[in-house]
Amino acid sequence: MLGSLPLLSLIIWLPIIGGLFTLTLSDHDSTGVKRTAFVFSLATFFLTIPLYTDFNKLTADMQFVERLSWIEAFNIYYHLGIDGISILLIVLTAFITPLIIIAGWKAIQIRCSQYMAAFLIMEGLMIGVFSALDSILFFVFWEAMLIPMFLIIGVWGGPNRIYATIKFFLYTFLGSVLMLIALIYMRYQSDTDSFAILDFHMLRLNLVEQSLIFFAFLLAFAVKVPMWPVHTWLPDAHVEAPTGGSVILAAIMLKIGGYGFLRFSLPIAPDASMRFDWLIIVMSLTAVVYIGFVAIVQEDMKKLIAYSSIAHMGFVTLGFFLPFGIHTTLSGELSGSAMAIEGGMIQMISHGFISAALFLCIGVMYDRLHSRQIKDYGGVVVSMPVFSSFMVLFAMANSGLPGTSGFVGEFMVILASMKSNFWIALLASTTLILGAAYSLWLVKRVIFGEIRNSEVAEMKDLGIHEFTALGLLAAVVLLFGIWPDPLIEVMHPTIDNLLQHIFISKL
Amino acid sequence: MVEKIYLAIPLLPLFGAIAAGLFGRYIGRSGAHWITILSVLGSFVLSTIVIKHIIFDHASVYNEAIYIWMISDGIRFEIGFLIDELTALMIGIVTFVSLMVHIYTIGYMRDDPGYQRFFSYIALFTFSMLMLVMSNNFLQLFFGWEAVGLASYLLIGFWHQRETAILANLKAFLINRVGDFGFLLGIAVIFAYANSLDYAEVFAKAENLSLQTINIFAGSEWNVITMICILLFIGAMGKSAQFPLHVWLPDSMEGPTPISALIHAATMVTAGIFMVARMSPLYELSETALNFILMIGSITALFMGLLGLIQYDIKRVVAYSTLSQLGYMTVALGASAYGAAIFHLMTHAFFKALLFLAAGSVIIAMHHEQDMRKMGGLKKYMPITHWTSLIGCLALIGFPLFSGFFSKDSIIGAVQYSDLSAANTAYMALLAGVFVTALYSFRMYFMVFHTRDRMDEHTREYLTETSWVVTMPLVLLAIPSIFSGFIFEPIVFGEFFSRSIHVADSHNVLNELGSTFEGIQGFVMHAFSGPVTYLAFAGVGVAYWIYVIKPQFAVDMQHRFNLIYKFMDNKYYIDHLYINVFSVAGRAIGKVLWKLGDNVVIDGFIVNGSARAMGWLSNVLRHLQTGYLYHYAFAMIAGMIALISMFVIAVNI
């Protein structure tokens, strides 16, 4: 039915047009603005449903492909398409955005139309990043999505927002420049003189070229993920960002780094990836252990969750770069390699839900008490029992409790890592203890205990909008914890294809 | 048909938990207890049908998947049930004790504002525990394993205003996570070498695994099976509170008493024992692991029992007793006497649930006073509680013909026959433990029910027997506490578990013990020819002498051996070690990494350093461009040119 429609373009441009339209609305009618924004985001989400239902789960080929000439002089195309890696991230983006709008219903009162517009435009641009098959188109979306993010932090942010924005800018800028150079270089190496990402996969680059490209991409993607030691922008950005900004940042934007490793680094530079996989693994394990300890001692709730995000994203990069180790350990057998990458992917999706939920929870408390300091809380369960149930659930999910989606990815990566090396598995498994320590100690100090602050006693429990947003997230966190197969099923052919590709040396 | 029954057994309590938890406000207090009690009653009735089906009708073992959780790397991860004698017995115990505790809770939690929430949690726990024991694979085992931990966490911290309660539940969860850390690694090793998490497939490959080694350090090769068994057992040490991961269990007494009975005595803490018995085809292949288990079990059995001697809080006496009895079960596992371990698990579930619920009954009557020094003489006020407690104590110390007598004597007898190197030490520890058990049990019994009344006038005035919802479960638990021992012969010596548990011929201590068995009468007579029964009697006698005849003696001893008393009163300083070393060190590491690593080295040196460098560069280039952002734009172009040149040069070399 929808086969003839350019579905991907619709999903990208509908929210952007919606955002521009929202800008024209008057801020005096803030409910109208929110309703408009919500309708656009919801329509976008509904458009992603046929994307999933009509998706062919048996092929690794790009689907829903659109290709138009864009800048002919440079052989640049408006080229879109999705596979098993990108589809879930697109659906995730379209699912999270309406929740942000619902959750901000009461909290956002100033410059409402601009706030909503920023989120809608950003949604379209991020979906563009996930579906672009031309590397210049990818780069344009990649850079453009930062602008609304800077604005969100810079305009609606906290007191220290300028420092945070500059730091964010410095980090991401450094990575982007190197990536652009790598893209331009590859274009000149390609026989077709094209910027097509799939053509890049076929380039026969020597080890020096691969290594330079690998590190150029590594810097770009490692900053986004963020990986230790280029992570320090994230806690600052989160602390200054408004709730919705934090949610988008944690739930979607970090995933673009992970996505980049699968779309660019591994298939373009497989030999360099194999050569330097130890480096990524060391950085990932450092993220799990080092950042795990740092998260424990945070005094600001947002910083704590920000650090916990870094630790959880460590599993993503760990999973992505395990296959080489498994391959050499098992000498020829591939078993475990797909699980490692699929585990990393699941971890990304699940972290999208859980981190979104936790930042929304902190937002709920911040809206009432205007503090993010742990010491200002305690005994929240007395005044907000419904909210507290959600918070405990999401904290448990954050500590990887089986039955929640937070368990699935970590479990898969830990199982796969044992096939590579006992010590990798051991260090990765410390998340069981560290994750529980920072998540539940937070719960103990904030949710439980006696009320020490009279303002806490007057906090009102969840409103209908907040309840809806958290309830939907709780539903998916539980659903995919109990039955993750629908998520994993769509990836199989793509991941298998990727593995076959990266184990064939280009040298 | 049977499949639907199997499915209904765990799902009924889950339904009850959801109804009471999410809709508690609408269905009200009685709605919550009716729904959960009826659903657990339903599970119990269905469990008895399963017991008849599997145990009495010898139906074939059921081992089927319910649904596919996921497929990755071509390997199916499933949720499924394995129903054999071991499972049937476990679901019978779990649903029975859970039903008793549900009924009892109506009385115990009567005035609590969190009434519906409590019923929801204990029903959720029942669901999780049933999923754990019914599992046919390691994935679901881990699910149940952590889910019972969650229920325990929620219930220990049930009174979430109390600082001690929320500290205790955090401690319980974290220490269990230390165990689970080992447990998950064990599962990962299994997966890495067997490529499956299905019990049957893994057991089929067990022989093969025992021939392989895993390289841990350069040059040190570990047997894969030993590795798996020890890692899994670390999980059991957490859940079943074995030394040195036992510290959470005494503190878990901060939770309401019904859950101390259900979770922290009868069911959840025995999950580790159940798991090792279930994994017998693996454990039988590693004597190193069995010796390790024997050592851990005997340390726990004796030294935790000793701590029971100096407690004054009635619940803590029972808690330390639970630790010690779990040690007995662990020793039985180490000696390959799995049948005896499971049998003791069963009798212990009855009499320990009884003792906890009786202690709870005393606590209700005493208006939530738990200090035994303020009790005394309760026999005349609370006859039902008194008699059922006496039955519980007699079963616990292994008084002849009571249930605990058969289970404990089988364990001690079996250990005697074991050839493992740690078996002798374990035997001595268990013997000493018998005396200690009798001493602390009857110390508690005499201090609470005999001796003079020490409560204040106000309390005594209102002191009466508790209501029938409380005493009925006591009576219903007292019956199996006395009589369940008589079925011990087929379970411990017979072929009862032959389809569930595998014992290597060289370890078959129960068979050896069984060959000397000449009927129950003979077993009882035999008990009088060895030291065990006399040690128990001696314990009771000493308790009577110290706490009834010469109460001053205990006080004198305490003063004379003050150093030892202090050492024991501080629980051998293990908690201090954990708090002052691990907890403080963990936070210190976090602080150092954060303040020094992130803030000084990365931010201060690298980030701000580059910013300064950028500033310096822009200063140099000031005559070309002005304005903040232009600096970066310029740097971008200059950098790009420089880097492209480097690229081209590097590639062309």
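What counts and what doesn't
Residues numbered from 1 in each chain as written. Chains lettered and ligands numbered in written order. Predicted model: local features only at pLDDT ≥ 70, side-chain atom pairs only at ≥ 80, totals over all residues. Heavy atoms only, no water. Helix = DSSP H or I, 4+ residues; strand = E, 2+ residues; numbered from the N terminus. Buried < 20%, exposed > 50% of the residue type's maximum accessible area, 1.4 Å probe, protein only. Contact = heavy atoms within 4.5 Å. Lys, Arg positive; Asp, Glu negative; His and termini not counted. Charge placed at Lys NZ, Arg CZ, Asp CG, Glu CD. 1 Å grid on protein atoms, 1.4 Å probe; cavity = no way out; pocket = protein on both sides within 12 Å on 5 of 7 lines; lining within 4 Å. Points joined across faces, edges and corners; volume = space filled by probe spheres on them. Nonpolar A, V, L, I, M, F, W, Y, C, P; charged D, E, K, R; others polar. Polar contact = N/O pair within 3.5 Å; in protein donor to acceptor, adjacent residues only side chain to side chain. Salt bridge = Lys/Arg side-chain N within 4 Å of Asp/Glu carboxyl O. Buried area = accessible area lost by both parts, 1.4 Å probe.

Explanation requested: the overall build of chain B in the structure shown.
Secondary structure summary: chain B contains 29 helices and four strands in total. Considering chain B as a whole, with its 653 residues, one finds that 61% of them fall into the buried category. A fraction of 79% describes how many contacts in chain B between residues 6 or more apart in sequence connect residues 24 or more apart. Averaging the positions of the 35 positive and the 40 negative side-chain charges in chain B gives two centres separated by 12 Å.

For this particular structure, what's the right way to read the layout of surface pockets?
Gaps left between atoms show up when a probe the size of a water molecule is rolled over them. Its boundaries defined by the atoms lining it, the second largest pocket holds a volume of some 1,200 Å³. The wall of the second largest pocket is formed by 30 residues, among which Leu174(B), Ile175(B), Tyr578(B), Phe582(B) and Ser583(B) lie closest to the centre. Broken down by secondary-structure element, the contributors of at least two residues to the lining of the second largest pocket are helix 12 (270-296) and helix 20 (431-446) of chain A together with helix 6 (163-194) and helix 28 (574-620) of chain B. No other element matches helix 28 of chain B, which puts nine residues into the lining of the second largest pocket. Looking at the lining of the second largest pocket residue by residue, the class counts come to 20 nonpolar, four polar and six charged.

Whenever I open this one, the side chain of Thr466(B) confuses me. Can you help?
All names here are of chain B. As for its placement among the helices and strands, Thr-466 is situated in the loop between helix 20 (457-461) and helix 21 (468-483). Residue classification places Thr-466 among the buried positions, given a relative accessible area of 13%. Here Ser-361 takes part through its side chain, which lies 2.9 Å from a polar atom of the side chain of Thr-466. Within the structure, Thr-466 has its side chain in polar contact with the side chain of Glu-465 (distance 3.3 Å). Excluding its chain neighbours within four sequence positions, the residues that come into contact with Thr-466 are Ser-361, Ile-364, Ala-365, Met-382, Thr-385 and Thr-471.

Just to check I follow, could you spell out the pattern of salt bridges for this structure?
Residue and element names in this part refer to chain B. A full pass over the atoms with the stated rule returns 21 salt bridges over all chains. With its nearest N and O atoms 3.0 Å apart, the salt bridge here joins Lys-52 to Asp-57. Here the salt bridges do not stand alone but share partners, grouping Lys-171, Asp-251, Arg-316, Lys-571 and Asp-575 into one network.

Looking at this model, I keep getting lost on the interface of chain A and chain B. Mind explaining?
How large an interface is tends to be reported as the accessible area lost when its parts come together. Contacts between the two partners involve 79 residues from chain A, matched on the other side by 68 residues from chain B. Both sides of the chain A and chain B interface together cover about 6,600 Å² of buried area, and 76% of this is carbon and sulfur. Where chain A touches chain B, the interface holds one salt bridge. In this structure, the salt-bridge partner of Glu163(B) is Lys444(A), at a minimum N-O distance of 2.9 Å.

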